[in-house]
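Structural description and commentary
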Amino acid sequence: MDMLTTIAGLTEDLLKETYPEAQGLPAADELRNLLAVPPNPEMGDYAFPCFRLAKALRMAPPKIADALAAAWHHPETARAEALNGYLNFFLNRVNFGRDTVLAVLAADGKWGASTRGEGKTVCLDYSSINIAKRFHIGHLSTTMIGHSLKRIFDYLGYRTVGINHLGDWGTQFGKMICAYKLWGTREQVEKGGVNALEALYVRFHKEAEADPTLEDQGRAWFKRIEDGDPEALEIFNWFKELTLKDAARVYDLLGVSFDSYAGESFYIDKMEPVIQSLRDKGLLTQSEGAWVVDLTEDNMPPCLIIKKDGATIYATRDITAAVYRQDTYHFDKCLYVVAYQQDLHFRQVFRVLEKMGYPWAKDCVHVSFGMISFEGQALSTRKGTSIHLDDLLREAVDKARAIIEEKSPGLENKDEVARQVGIGAVVYADLSANRIKDIDFSWERALNFDGETGPYVQYTHARCCSVLRKAADLSLPEPDWAALSDDEAQALLRLLGRFPDVVNEAADKYEPSMVTRAVTDIAQAYNRFYYEHRILDDEPATAAARVLLTRAAREVIRTGLFLIGLEAPERM
Ligand code: ARG
């Protein structure tokens, strides 16, 4: 149990003992929320504002604080003092240090893991790349936020389903086949992969300006895909295969995987009943030849379901996909990790599902995020300034390799560590800020071993490992827990103790950056502790306590890194 919960529980008992007659006193949960960490450590480790009890007790807050301080009788946990209407708690540092370290170590690498999600399912729709387009940096955030959330929910005991909702349907694929038939060859596309497909697409648009009949040919090819024409399907599936092969390289580098690749085309034969049900429920209205769901009441433009030419759209497939996911996985939550530009789309889709009478519509959540720019430059596929993710990742690994070469020339597995650190730098940068914020990626910031970066946290992990390797050669006695009473050790202990809370909150808010923040704070606190104190102290019982704290810090850093999708090298 974490310290805040412990103190809240004891405070609840204290209130009941001290004021047995009083009505409407806050219970432990509420007390836990009321307990604050004072800005100044001289005011204690936690403070309880007694003015929150003034009404229920009809007493002045300072009086209440005095009475509670006098009645408090848990010196093994904390000392309590009254000050200006606050009840300030000063932790018993020796016991707190011992209990925290032992709890973390007893969790055996799973500190903060829980069973809160038992029997519950979370679907996560993330990465969701588009066929025949290269995997560019614009898809990094959805991939990594989704991957991290999946790990976080797994850690909390949920069943998770990772879904790559491929963008594999639309008239552009007809155009692409048309371009391939006119100007491409099998060898050239096989060799050039997605690059070759993109080039064909660009050429199609250029030539179509001069020759508008190309558009008709493109449409005709798409019609052939829709009608299941074998040649069209064969080419289309081959394009898909090429794209997924290209993406697999990136996914491998990032350590990302999926449980399902059911994309837009998967829903083509499943849309009819959904459209029928929209019709039966009287939700479809005609507008300029198209069928839409009117959302005027909700202050939104209508949700287009069937276009004038009879074709369905992105939203139709998303509505169908949501129904399919509920029927198939019975999700308790379905998360869509997609950039904020699609905010309106998801609000419309969720609202339509609600109007259809699905009570689970409220469990669909758009987990949106901001834009990524690169070294101060906005990225755009159209302007040709977009960056391919595998180029970026490879460059990161090369740069990390050069730094490692310089810092630790003697390291044995430099290639492996360069991969872990280079990729880690990129992923950390992506998950370091609140997801809704736009971020600017810069090499210098991402790879700075001293800043708030992936390499810095990984380096701290390796530092802990190094201390533990040295300690393994000593035979240390029982620890003297009083040796962890100093401010630096205590600051670290508090962060370790809070870590399970952070993981829960990160899940509640769909916010991996909270874990990034926590693991960075822990690394910084460990380094402060490391610089101020000799871990392998001459006094063996002191050394023993510090070594155990180091082990606890290492476990939590490794867990935190794992939850945001980073590896934790043991030597750097
Ligand atoms: N393929 C889309 C894109 O790249 C994202 C799909 C997101 N998922 C969904 N169910 N709509 O913009």
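Scroll up for the structure.
Residues numbered from 1 in each chain as written. Predicted model: local features only at pLDDT ≥ 70, side-chain atom pairs only at ≥ 80, totals over all residues. Heavy atoms only, no water.

Right, let's talk about the overall build of the protein chain for a bit. Tallying secondary structure elements over the protein chain gives 20 helices and twelve strands in all. C-alpha extents for the protein chain along the principal axes are approximately 90 × 65 × 40 Å. Counting over 572 residues, the protein chain shows a buried share of 55%. For the protein chain, the proportion of contacts with a sequence separation of at least 24, taken over those separated by at least 6, is 74%. When the accessible area of the protein chain is evaluated, it comes to approximately 26000 Å², of which 50% is carbon and sulfur surface. Once the 66 positive and 84 negative side-chain charges of the protein chain are each reduced to a mean point, those two points are 2 Å apart. (Helix = DSSP H or I, 4+ residues; strand = E, 2+ residues; numbered from the N terminus. Buried < 20%, exposed > 50% of the residue type's maximum accessible area, 1.4 Å probe, protein only. Contact = heavy atoms within 4.5 Å. Areas by Shrake-Rupley, 256 points an atom, 1.4 Å probe, with all protein chains shown as cover. Lys, Arg positive; Asp, Glu negative; His and termini not counted. Charge placed at Lys NZ, Arg CZ, Asp CG, Glu CD.)

Within this structure, the stated rule accounts for 28 aromatic pairs. Taking 5.7 Å as the distance between ring centres and 75° as the angle between the ring planes, the aromatic pair formed by Y267 and Y324 counts as edge-to-face. Of this pair, Y267 sits in the loop between α10 (230-254) and α11 (271-280) while Y324 sits in helix α12 (residues 314-329), and the two are 57 residues apart along the sequence. Judged by its relative accessible area of 1%, Y267 is buried. The interplanar angle of 40° and the centroid separation of 6.1 Å between the aromatic rings of Y526 and Y530 together place this pair among those described as tilted. Of this pair, Y526 and Y530 both sit in helix α19 (residues 513-532), four residues apart, which is roughly one turn of the helix. When its relative accessible area of 0% is taken as the criterion, Y526 is described as buried. (Phe/Tyr/Trp six-rings, centres within 6.5 Å; stacked < 30°, edge-to-face > 60°.)

Near the ligand, the surroundings consist of D125, S128, N130, H139, H165, Y314, D318, Y336, V338, Q342 and F346. The separation between a nitrogen atom of the ligand and a polar side-chain atom of N130 is 2.8 Å. At a separation of 2.7 Å, a nitrogen atom of the ligand approaches a polar side-chain atom of D318. Contact with the protein chains removes 88% of the 350 Å² of surface that the ligand exposes when unbound. When the residues that make up the shell around the ligand are grouped by side-chain class, the tally is four nonpolar, five polar and two charged. (Near = heavy atom within 4 Å. Polar contact = N/O pair within 3.5 Å; in protein donor to acceptor, adjacent residues only side chain to side chain. Nonpolar A, V, L, I, M, F, W, Y, C, P; charged D, E, K, R; others polar.)

Below, the discussion takes up a nonpolar patch on the surface. Side chains of Y340, M371 and I436 sit close together on the surface and give an oily, nonpolar patch of about 250 Å² of accessible area. Summarising the element assignment, I436 is placed in the loop between α15 (414-430) and β12 (439-441). (Patch = residues over 30% accessible without salt bridge, like charges linked within 9 Å, V, L, I, M, F, W, Y side chains within 5 Å. Salt bridge = Lys/Arg side-chain N within 4 Å of Asp/Glu carboxyl O.)

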